[in-house]
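# Structural features, examined
The chain contents come next:
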Number of protein chains: 4
Amino acid sequence: MLKYKVYPRFGDSDLLGHVHHLSIPSWFEEARNPIFQWFNPKYDPDTWNLILARLEMDYIGQIHYADQEVEIHTWITHIGNSSFHIVHGAYLRGEYVALGGVVIVHYDFKNKRAVKIPEKIRALLEEHYDQNAPYRLTPQPELHEKTKILAKRIMAEEKNS
Amino acid sequence: MLKYKVYPRFGDSDLLGHVHHLSIPSWFEEARNPIFQWFNPKYDPDTWNLILARLEMDYIGQIHYADQEVEIHTWITHIGNSSFHIVHGAYLRGEYVALGGVVIVHYDFKNKRAVKIPEKIRALLEEHYDQNAPYRLTPQPELHEKTKILAKRIMAEEKNS
Amino acid sequence: MLKYKVYPRFGDSDLLGHVHHLSIPSWFEEARNPIFQWFNPKYDPDTWNLILARLEMDYIGQIHYADQEVEIHTWITHIGNSSFHIVHGAYLRGEYVALGGVVIVHYDFKNKRAVKIPEKIRALLEEHYDQNAPYRLTPQPELHEKTKILAKRIMAEEKNS
Amino acid sequence: MLKYKVYPRFGDSDLLGHVHHLSIPSWFEEARNPIFQWFNPKYDPDTWNLILARLEMDYIGQIHYADQEVEIHTWITHIGNSSFHIVHGAYLRGEYVALGGVVIVHYDFKNKRAVKIPEKIRALLEEHYDQNAPYRLTPQPELHEKTKILAKRIMAEEKNS
């Protein structure tokens, strides 16, 4: 488990007085910096090799601007051939107030295809792998095919109307 | 299906030249305004009655700042006793480039409990209900209990270390 | 004057119930899209030629999420050799609730230098030039030199301490 | 001078590969947390007493996502009866890459009026006052009156057209 601390900004709050639901995945993104660096030691945009395929967030408790410091816990919960899962928890006063994560694909932007995770990086991911992390992602593998069929149907309907 | 148009901002882009993954759920939030208004005709913070419990996003294709206009399609895909699912698609050149949605709970902030959706609003939700929407949310109902147990274990471990 | 409409999002609000001060310049950025397009007809990142040098914002009244629609007025208030000023007002119920603007430089990113505004684009800027716009920017021309001197002093102090 | 460290997020970048111009004032806002706390020890929204009247930003150099850590320097540059100026610099590799600041008003939200800064807080502001800070704000005091006159003229023109 990686630990990271974030500090809510006034602008993270919304009219209910809570931290807005989209500020939390932005904190999680900041907590992913060390993992991104395993793949991109110099964070070089020209050779960037990761793509985010899915985001999942569950909001369990409230976070307030007044909660001056929030701890982010990070785990790897799945390591596939070219993709892996990063899971995060926002931990405040002994509770997870938000949990979520992302499916990341190791990607070759030039040839537009997923590529195998190199062994050296796989070893780093395995080091932070935790089967008992408090969150598991629920990917929707058939989604891509389904949406293509539906989009075609919508286009056809629009042409006929 | 509700249709809504959004216009990417320069700042929505990231270093890969794509619209950043957190700008899209922010567009979806804007597209939810009419649904929020069914529950809160004057958008009054003092009587606000909705809480966001879960967010799910799948990124299928790339959106660029240059894609000056993106159409957002919105459906209701589940209507429970106090909660419901809103699902959105970002539709660009005949394809869904991103799909996602939120679980919303009709909530009484004073008494801190979920409350039944009033019949009049339920009728509006049903009007936009679509069984064949291109996305379905995958809630994790046992999550809340599990995280409480895990948080307690972490606290116990920290005390002992 | 260019007119443009924006629609506040729930997440634009902050804990005081107002639209957060950084959401408004983001709306202004969206309203600048047509001007950016004069310089970059296809919004192509590879040939992008504009750089933002200064931002100024004055907050006069409150905007709320409940103000479902805000009109943005845009003017050109200065046209220099390579730089120009874009000024915006957020206009709500017959009042300017926020005013501000940016200094933009026509820039050659390859050779890292400001370049003259082409005559065709200058003509478009002049068309929207308004001497009587409700806002004027107050650039700080000596700033760049001053900050370099100060930064050097800080570094020297740090070495000696 | 207050020192604070921020860590760029992937989403802070834009299509030019730079940190977007609106991410930097958001970092500055985070760096203001300790000053906000002088006025609001518990960050309580119900008794919040500060309002932001003006924002000014000058962009001097580029910041990249790859610049993993940016130091924010903060100074008080003006202490009035009810208002004061907070000035910030983003300091990277011995240079100020961005400078800016805000005019903040000590404000009574119930009675809708500016109120005198209490002596105890004034002493804290004075402790961080620096006449030689690398930035000075340029308020536009006549703006409020001017914009009211202009807004009336626009309304009159719209009625007549």
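See the structure above.
## As for the overall build of chain A
A tally of helices and strands in chain A yields four helices and six strands. Element order for chain A, N to C, with α for helix and β for strand: β-α-α-β-β-β-β-β-α-α. If you line up chain A on its principal axes, its C-alpha atoms span 55 × 50 × 30 Å. Counting only residues that meet the buried cut, chain A has 60% of its 161 residues in that class. Taking the intrachain contacts of chain A between residues at least 6 apart in sequence as the baseline, contacts between residues at least 24 apart amount to 67%. For chain A, the computed accessible surface area is about 7200 Å², with 50% contributed by carbon and sulfur atoms.

## Structural notes on the relation of the copies chain C and chain D
Turning chain C through 180° and shifting it by 0.0 Å along the axis lays it on chain D, with an RMSD of 0.0 Å. What the superposition gives is, in effect, a two-fold axis relating one chain to the other. Across chain C, the smallest distance between a C-alpha and the rotation axis is recorded for C:Glu56, namely 2.3 Å. Both copies contact each other with a shared surface, as 98% of the interface residues of chain C are interface residues in chain D too.

## As for the relation of the copies chain B and chain C
Superposing chain B onto chain C requires a rotation of 180° together with a translation of 0.0 Å along the rotation axis, leaving an RMSD of 0.0 Å. Here 100% of the contact residues of chain B are again contact residues in chain C; the copies associate through an equivalent surface.

## Quick look at the interface of chain C and chain D
Between chain C and chain D, the residue contacts involve 49 residues of the former and 48 residues of the latter. Summed over both sides, the interface between chain C and chain D buries roughly 4100 Å², with carbon and sulfur atoms accounting for 62% of that surface. Per-residue buried area on chain C facing chain D is highest for C:Leu22, C:Leu55 and C:Tyr59; these three make up 12% of the total on that side. Taken together, the links from chain C to chain D amount to four salt bridges. C:Asp58 serves as the salt-bridge partner of D:Arg54, at 2.6 Å between the closest nitrogen and oxygen.

## Re the interface of chain B and chain C
Interface size is often expressed as the accessible area that is lost when the parts come together. Taken residue by residue, the interface counts 19 residues in chain B and 19 residues in chain C. In total, chain B and chain C occlude about 1800 Å² of area from one another, counting both sides; carbon and sulfur atoms represent 49% of this. When the area that chain B buries against chain C is broken down by residue, the three leading residues are B:Arg9, B:Tyr43 and B:Tyr65, summing to 35%. On the surface where chain B and chain C come into contact, there are two salt bridges. Among the salt bridges present, the one from C:Arg9 reaches B:Glu30, with a minimum N-O distance of 2.7 Å. Between the two partners, chain B and chain C, sit 12 residue pairs in polar contact (both at pLDDT 80 or more). Of all the secondary-structure elements, those providing two or more residues to the side of chain B that touches chain C are helix H1 (23-31) and helix H2 (33-39) of chain B. At four residues, H1(B) tops the list of elements feeding residues into the side of chain B that touches chain C.

## Some points on the nonpolar core
In this structure, A:Phe84, A:Leu125, B:Phe84 and B:Leu125 are the most contacted members of the largest nonpolar core, which totals 74 residues. Setting aside residues no more than four positions away along its own chain, A:Leu125 makes contact with A:Ile35, A:Trp38, A:Phe39, A:Ile76, A:Ile79, A:Phe84 and A:Ile117.

## A look at the pattern of salt bridges
Counting across every chain of the model gives 36 salt bridges over all chains. Each of A:Arg54, A:Glu56, A:Asp58, B:Arg54, B:Glu56 and B:Asp58 takes part in a single network of salt bridges with overlapping partners.

## With respect to the pairing of strand S2 (residues 50-59) of chain D
In terms of burial, S2(D) is largely enclosed, as nine of its 10 residues are buried. In terms of strand pairing, strand S2 (residues 50-59) of chain C meets S2(D) through five bridges, oriented antiparallel. By the bridge assignment for S2(D), C:Arg54 is matched with D:Asp58. Where S2(D) and strand S5 (residues 95-108) of chain D come together, nine bridges link them in antiparallel fashion.

## Looking at unusual backbone geometry
Glycine aside, residues mostly have negative phi angles, and peptide bonds mostly take the trans form. Residue and element names in this part refer to chain C. Although it is not a glycine, tyrosine 43 sits at a positive phi angle of roughly 50°. Counting through the fold element by element, tyrosine 43 comes out in the loop between helix H2 (33-39) and S2. When its relative accessible area of 3% is taken as the criterion, tyrosine 43 is described as buried. The residue arginine 93 is not glycine, and still its phi comes out positive at about 50°. Within the fold, arginine 93 resides in the loop between strand S4 (83-92) and strand S5 (95-108).

## Side note on helix H3 (residues 119-127) of chain B
Residue and element names in this part refer to chain B. Listed as buried for H3 are Ile121, Arg122 and Leu125. Viewed along the axis of H3, the buried residues span an arc of 105°, placing them on a single side of the element. Projecting away from the buried face of H3 at angles above 90 degrees are the exposed residues Glu119, Lys120 and Glu127. Taken together, the buried residues of H3 touch H2, strand S3 (70-79) and strand S4 (83-92).

Parameters at a glance
- Residues numbered from 1 in each chain as written.
- Chains lettered and ligands numbered in written order.
- Predicted model: local features only at pLDDT ≥ 70, side-chain atom pairs only at ≥ 80, totals over all residues.
- Heavy atoms only, no water.
- Helix = DSSP H or I, 4+ residues; strand = E, 2+ residues; numbered from the N terminus.
- Buried < 20%, exposed > 50% of the residue type's maximum accessible area, 1.4 Å probe, protein only.
- Contact = heavy atoms within 4.5 Å.
- Areas by Shrake-Rupley, 256 points an atom, 1.4 Å probe, with all protein chains shown as cover.
- Least-squares fit on C-alpha atoms with pLDDT ≥ 70 in both.
- Buried area = accessible area lost by both parts, 1.4 Å probe.
- Salt bridge = Lys/Arg side-chain N within 4 Å of Asp/Glu carboxyl O.
- Polar contact = N/O pair within 3.5 Å; in protein donor to acceptor, adjacent residues only side chain to side chain.
- Core = buried A, V, L, I, M, F, W, Y, C linked by side-chain atoms within 4.5 Å.
- Pairing = 2+ DSSP bridges.
- Arc of directions from axis to C-beta.

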